[in-house]
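Chains, contacts and geometry: an overview
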Amino acid sequence: MKDQSENRCDQTSELVEPYGGQLVNLIAPPEKREDLLNLASTLPRIQLSERAVCDLELLATGGFSPLETFLNRADYERVIEEMRLGNGMLFPVPVTLTVNKDAQVKLDAEVALVDSYNNLLAIMRVEEAYNWNRDREAQLVCGTTDPRHPLVAEMNSWGELCITGPLQLLQLPSHYDFKKLRMTPVEVRNRLKQFGRKNVVAFQTRNPLHRAHEVMTRKAAQAVDGTLLLHPVVGLTKPGDIDHYTRVRSYQALAELYYDRKRTLLALLPLAMRMVGPREALWHAIIRRNFGANCFIVGRDHASPGTDSSDRPFYPPYAAQELFAEHASELGITPLCFSEFVYLPEENRFEEASEVSAGVATISLSGTEVREKYLGHGRRLPEWFIRPEVAEILEDSQPPLHKQGFCLWFTGLSGAGKTTTANILTAKLLEHGRQVTLLDGDVVRTRLSPRLGFSKEDRDTNIRTLGYLAAEIVRHRGAIICAAVSPYRATRNECRSMVGENRFLEVFVDTPLAVCEARDTKGMYRLARAGKIKNFTGIDDPYEPPLAPEIVIDGAARSAEDNADRIITYLVKQRFILPAFNLTDESQTDPVHDFGETAQAPDTSVTRRS
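Okay, so let's go over this structure. (Residues numbered from 1 in each chain as written. Predicted model: local features only at pLDDT ≥ 70, side-chain atom pairs only at ≥ 80, totals over all residues. Heavy atoms only, no water.)

1. Comments concerning unusual backbone geometry
With an omega of 15°, the peptide bond running from S65 to P66 counts as cis. Mapping P66 onto the fold places it in the loop between α2 (50-61) and α3 (73-82). With a phi close to 60°, D301 is a non-glycine residue in the positive phi region. Here D301 shows up in the loop between β11 (295-298) and α10 (319-331). For A303, which is not glycine, the phi torsion reads 50° and is therefore positive. (Helix = DSSP H or I, 4+ residues; strand = E, 2+ residues; numbered from the N terminus.)

This is the structure:
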């Protein structure tokens, strides 16, 4: 752990007070609930996204204290520009509710807020509605407008207006899983008081815990003689993350078997993460203070969204620690900062890399290696890295790559050869033993969205529908091929975020416009040139080619079958499918036998620190 110049953990009070002095409570009193439900039934409804439902829950229960509403314009402007509310209090992440410009909202009138199933959640009196700028917020808050950033990609689907006003919560969102672990800030604080310790160390996680995490969390709690609050996020995390059911099962196993029950509390946080690195670290600390923690662990790459379109990290690995250190005293929370932990095999222990002497042998595994070298190949994770109980849970939920879902997203101009290549590829995937679904953008439009036109908004809606279907199929371990013009980068990257970065394979069918127009298999170019179709991609509406697609195929110089074979080769190399048996080729390695050999291979990634 990095040297703390001053131990600011509270040594005088039972628990640190909430940020701003008191916990916000927006839940309507029981005696008013019936009248409010009757009122809500007469009001126009705003259907909330999953993100907005998470935000509403934490607003209502005090997790976002001192916020009592979604941000008004004055607060919003200061938050995105200066990381402060209008009153000057530090608050680094905007919490807004966006609606489309044609939403049925009127100033000084009430609306009912409902979830995706139309369950009534709250009533808002709309006091303010204001415009916001996507690119401006992305640049200021995320530090980038790159649509590979999951939040930037998601912003493309947000409404044009932000609305805000007083809230009255009628009921908390329904959760039927892990109900004993889902506790409000008041409930967590009451539980923490029972441990009888003055200091509480909170640990933020959206991933399964490995043994280095155990060492780090124990070390942090012991350093301040505090209670450890294991507080994993179970709202929206990074697309492609391991599902929260699997993660929580692993946390339960660790808390039960390996942590000191007399000084450890496991509770779940229904937070919708933004993945904005340094700013998010401050936000997470504020939230944990509201739950009763006065110390917060900040590790390497806190709330990292991964790499950008150029394969560079969005944020430096220790930027979150540096920003937190600047504002720790103002937040009233002590940052407990750690560098990367490595395993010392000759001493059978973990240590921070910064504390390891030159020449000492170390072993480490990255998240990518865990996914690709172990879980993706069906190999057992080593016990030095993770507890066997957790390894078993992960292996049950994360089968080898060739048994997991993936999406091949074909994009290119109309007539580029997407559908023809996709049809051939479907047959070849079936030959390799993968069941596969083929969805064509035109078919989805006809069957599911027949009333959509060809405006940018309508085309985006159609592509998002395709992305949602793809994400659901991939989530259930299916293979899917989507073939759609999908002309806009932002919307394609939004679909990438829905499916998950590691399961979305963008296939750019790079066929020149002249070739596509000469083919004109559907007669659409002729109609567009004659002015009978407006906003036709390539004629009077732009096509934005991918910046970093996983696969590029030439739809003019190569045949569709050749291109399909090239995609199959890529999928075999990436282990999304196994090689097909070829009984006439004696030199071919039996993939099953070879897989078994690989599964037993010992770990040899030992290095010596210089």
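2. Focus: the nonpolar core
Residues L48, F64, L113, M124, L271, F324 and L331 are the most contacted members of the largest nonpolar core, which totals 83 residues. With residues up to four places along the chain from it excluded, the contact list for F64 reads D55, L58, L59, F91, V95, L271, W283, I287 and N290. Residues L230, F338, I386 and V390 belong to the second largest nonpolar core, which totals 39 residues. (Core = buried A, V, L, I, M, F, W, Y, C linked by side-chain atoms within 4.5 Å. Buried < 20%, exposed > 50% of the residue type's maximum accessible area, 1.4 Å probe, protein only. Contact = heavy atoms within 4.5 Å.)

3. Examining the packing of helix α9 (residues 277-290) against α10
Between α9 and α10, whose axes approach to 8 Å, the crossing angle comes to 40°. Here α9 lies oblique to α10, going by the angle between them. Seen along the crossing, α9 lies across α10 with a hand that is right-handed. Contacts between α9 and α10 involve G277, P278, R279, A281, L282, A285, I286 and R289 from the first element and A319, A320, L323, F324, H327 and L331 from the second. Across the contact of α9 with α10, the residue classes tally to 10 nonpolar, 2 polar and 2 charged. (Axes fitted to C-alpha atoms, helices over the stretch in contact; angles between N-to-C directions. Parallel < 35°, antiparallel > 145°, perpendicular 65-115°, else oblique. Left-handed = near helix turned anticlockwise from the far one by under 90°. Nonpolar A, V, L, I, M, F, W, Y, C, P; charged D, E, K, R; others polar.)

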